Amino acid sequence: MSKDLPIDMPPEAPKEDSRPKWDNKFQYILSCIGFAVGLGNVWRFPYLCQIHGGGAFLIPYFIALIFEGIPLLHLELALGQCLRKGSISAWSAISPYLGGVGVGSWMVSVLVSLYYNTVLTWVMWYFINSFQEPLPWSVCPLNENRTGLNEECYESTAVNYFWYRKTLNITPDITESGTLQWWLVLCLAACWAIVYLCTIRGIETTGKAIYVTAIFPYLVLTIFLIHGLTLPGATEGLAYLFTPDLNVLKNPRVWLDAATQIFFSLSLAFGGLIAFSSYNPPKNDCEKDAVTVAIVNSLTSLYASIPVFSVLGFKATTGYWDCLDRNIISIINEFDLPEQSIMRENYTDWITFLNSSYPEKIAGLKLKSCDLQEFLDQSVSGSGLAFIVFTQAIILMPGSQAWAILFFTMLFSLGLSSMFGNIEGVFTPLLELQIISKSIPKELLSGIICLVSFLIALCFTLSSGSYWIDIFDRYAGSVPLLVIAFFEVTGVVYVYKIKRFSEDVKWMTGRKLNLYWQITWRFISPLLLLVVFVAFVALQIQKPPTYTAWNPKHEDFPMKEEKAYPPWVQAICVLLAVLPCIFVPLVALFQLVKKMWRSKDLSFLSPEVFSCQEVNRNFSHPKK
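Residues numbered from 1 in each chain as written. Predicted model: local features only at pLDDT ≥ 70, side-chain atom pairs only at ≥ 80, totals over all residues. Heavy atoms only, no water.

Named according to an unreviewed UniProt entry, the protein chain is Transporter originating from Aythya fuligula. According to UniProt, the comment filed for the protein chain under the heading Subcellular location (unreviewed entry) is "Membrane". Listed under Sequence similarities (unreviewed entry) in UniProt, the entry text for the protein chain is "Belongs to the sodium:neurotransmitter symporter (SNF) (TC 2.A.22) family." (UniProt positions renumbered as here; feature names shortened; annotations may be inferred.)

Given below as C-alpha cells:
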C-alpha cells in the first residue's frame, strides 16, 4: 500500500465524481454475465462436448477455467475498477508503452461488433418469419412453372433452402459478391437502431435494458428444458452428450478447444469488461465478482446443453423412425404382407429373417441403413445449429410456431446483451480520449458509432456476406485476443509489477491476494496463452484456409463444396488477424521515439508511480 499523506497536508475535500455509476451491484454483475454469456454458450459449447467425448470434455474445460479464465477475468475487472478508465486510457496510465494493448482491444471490439450484429440480423429475419403458418422453412415452394417443387429445395431440404436461398441468397463462390439483400438491410438497420436505443447514454441505458436481455434467455432455456425432456428421444440425446469417452483426452485438439472456448466465452481482452468495471466504486470485491461471473457463464453453457441436446435427440430419433417407416412400407409392399405386421419394435427380427430367406429380393429393395447413432453423430455448431438443425427440429414439435418465436427471441436477447459489452468497449475509450470534444453529447457520439457501423456492415448483407462473417469470426475474433491477453497479463505482472498490483487489489477488496492468484498471474496464465497461441497458429499453417460453399451445381449437392480461399482473400485474413496486434509494438515504438525526441531518456517505465489509493483519493464514496 502507498504511504499515507503527510500530517501537515490538509486532506482534499472529496470531489463530485462525474463518471457514471451502476445503479446497484446486481445490475453490474448482470451486465458482465450478459456480455460473457452469448450465442457461443448455446451453439458452440454443446457441439464441442459432442465431438470431444461428451462429459470427458468437461475435464480440460474446467482446468482451463481455473488456470486461464478466472485469473484473466479477475485481472481485467480489478484493472478497470482500480484505474476507473476504459481500455485505452487504463493501459496508457499503467505505461505509455502499453497504450497499444488498449488500442488493440478497442479495434477487436469494433471488428467483432460489425459482424456480431449481422448475426442478430439473421435472427431477427427468422423471428419475423416465425409468425407465418405454416413456418416458411417447413415446405418447399413450387417452381416457376408451378408444375412441381423448386429443384434446389427438392434436392436438399426446405430448411436448407430457406436458409441459403431465401435468407442469404448465397453465391456459390466468395469472389462473387452478389447484391445487397433488401430484407437483410432492413433487419440490419433495425438491429443497429435497437443497439443505439439501448446504448444511447452508455451504462445509464444499457443498465436498464440488461434486466430483460440477460434474464429472459434463462427463462426460455428453462421452458425449452421442461418441454425438451418430454420429447421422445430426449434421453438418447442427453446420454450421447454426457457419456464420457476418456480416450479423447489424449488428443491435443481437445485441450486446445477447451482453452479457446473458455477464453472467448468469457469475452476476455475485448475491453468491455474493463469498461464495465470502471463504473464501480473503487472499494468493491472484484475477486468475488470475477469468480461469480466465470462460474455462472460455465454453468449456463452446461444448462443450455441439456435443452439443446434434448431437442437434437428428439430430431435424431424422429429421423431414425422415419427411416425405419420407409423401409417397413417398402418391405410390406414387396412381400405383400398385412399392414402393421412389421413394426419398429420387431423390424430387426424381420430383416434378419428376410435376409436369410430372400436375400436377392431384399438387396433389390435398396433399403436405407437406419442407425440411431448415425443420426446422433450429425454434429454442427454456429449458424448451422441455430438456423438449420434446430429449426428442422422445431418443425417436428407440436405448436412449432410458438417454439420458433421463443427460440429466436432468446437468441436475440443473448446476442444483444453481448453487443452491449462490445459497444461499451468501443464507446468508453472514445469518450475518454481527448480527440473527441467533451461538448459532443453522448447521444450524438453513440449515434455516429452505430450509423458508421451500420454502413460498414452493409457488406455482410451481400449474397457473399456469410462467407465474410466466417472470416471475421475466425481471424478478427481469435488470434488478436490471445495476443492482447498475453500482453495484458505480462504488462500488469512485469511492467506495473505484481507487488504493486497486489497491494491495489488488497486495498480494493480488503483481502490479501492468495497464492492461487500470484502463481496463475505470474506463470500459468501467460504460459497457457502462449501455448494456445502457438498451437492455434500451427494448426492454421498446417492446413491452407478453406471454406465450404453452397453450390447447387456442385456434383455432390446438397453436400457443400470445399474451396480454397483465393490469395487476395488470404491476405485479408492475415490483415484481420494482424491489424489489432500491430498496435501493441507501434504505440510502444511511437512512445519511445517521442521520449527520445524530448529528453533522450530511454528508461522503459514511466517515472510516475501511482496506486489505486492515489488515483481514487478524491472519489466520493456513496453513503450507506
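S.K.: Where do I start with the overall build of the protein chain in this structure?
M.R.: Looking only at helices and strands, the protein chain has 25 helices and two strands in total. In terms of overall size, the protein chain behaves like a compact globule, its C-alpha atoms giving a radius of gyration of 27 Å where 624 residues would be expected to give roughly 25 Å. Seen through its principal axes, the protein chain has C-alpha atoms that stretch 105 × 50 × 50 Å. Burial status across the protein chain gives 55% buried among its 624 residues. (Helix = DSSP H or I, 4+ residues; strand = E, 2+ residues; numbered from the N terminus. Rg over C-alpha atoms; globule rule 2.2 N^0.38 Å. Buried < 20%, exposed > 50% of the residue type's maximum accessible area, 1.4 Å probe, protein only.)

S.K.: Please explain helix α12 (residues 252–265) as it appears in this structure.
M.R.: Because an α-helix completes one turn every 3.6 residues, residues spaced three or four positions apart along the sequence face the same direction. Over its 14 residues, α12 extends 20 Å from the first C-alpha to the last, a length consistent with the 20 Å expected when each residue adds 1.5 Å. The element α12 is extensively covered by neighbouring structure, given that 10 of its 14 residues are classed as buried. Listed in full, the buried residues belonging to α12 are Val-254, Leu-256, Asp-257, Ala-258, Ala-259, Thr-260, Gln-261, Ile-262, Phe-263 and Ser-265. The backbone nitrogen of Arg-253 lies 3.0 Å from a side-chain oxygen of the residue at the head of α12, namely Asn-251. Ser-267, located one to two residues past α12, shows a positive phi value of around 60°. (Expected span 1.5 Å × (residues − 1). Polar contact = N/O pair within 3.5 Å; in protein donor to acceptor, adjacent residues only side chain to side chain.)

S.K.: Please explain the confidence of the model for the protein chain as it appears in this structure.
M.R.: Close inspection of predicted coordinates is inappropriate for parts of the model with low pLDDT. In the predicted model, the protein chain carries a mean pLDDT of 88, and 93% of its residues have values of at least 70. Within the protein chain, no element has a lower average pLDDT than helix α25 (residues 612–615), which sits at 70, and none a higher one than helix α9 (residues 182–199), at 96. Taken as a whole, residues 1–16 scores under 50 in pLDDT and shows 13 contacts with residues more than four places along the chain or in a different chain. In this model residues 602–607 is a low-confidence stretch, pLDDT under 50, and it forms 12 contacts with partners more than four residues away in sequence or in other chains. (pLDDT = per-residue confidence, 0-100. Contact = heavy atoms within 4.5 Å.)

S.K.: I'm lost on unusual backbone geometry in this one. Help?
M.R.: Residue Pro-134 is bonded to the preceding Glu-133 through a cis peptide linkage, with omega at 0°. Here the residue pair Phe-557 and Pro-558 is connected by a cis peptide bond, since its omega of 15° sits within 30 degrees of zero. With a phi close to 75°, Ala-269 is a non-glycine residue in the positive phi region. Here Ala-269 lies in the loop between α12 and α13 (272–277). Relative accessible area serves as the criterion here: at 0%, Ala-269 is assigned to the buried category. In the Ramachandran plot, Gln-340 falls in the positive-phi region, its phi being about 65° despite a non-glycine side chain. Relative to the helices and strands, Gln-340 is located in the loop between α14 (286–335) and α15 (347–357).

S.K.: How should the pattern of salt bridges be read in this particular structure?
M.R.: Pairing is possible between side chains that carry opposite charge, provided their charged atoms lie close to one another. Under the counting rule described, the total for this entry stands at 12 salt bridges. Taking the shortest distance from any N to any O, the salt bridge between Lys-25 and Asp-289 comes out at 3.0 Å. In this pair, Lys-25 is assigned in helix α1 (residues 25–36) and Asp-289 in helix α14, connecting sequence segments 264 residues apart. You can call Lys-25 partly exposed: its relative accessible area is 37%. (Salt bridge = Lys/Arg side-chain N within 4 Å of Asp/Glu carboxyl O.)

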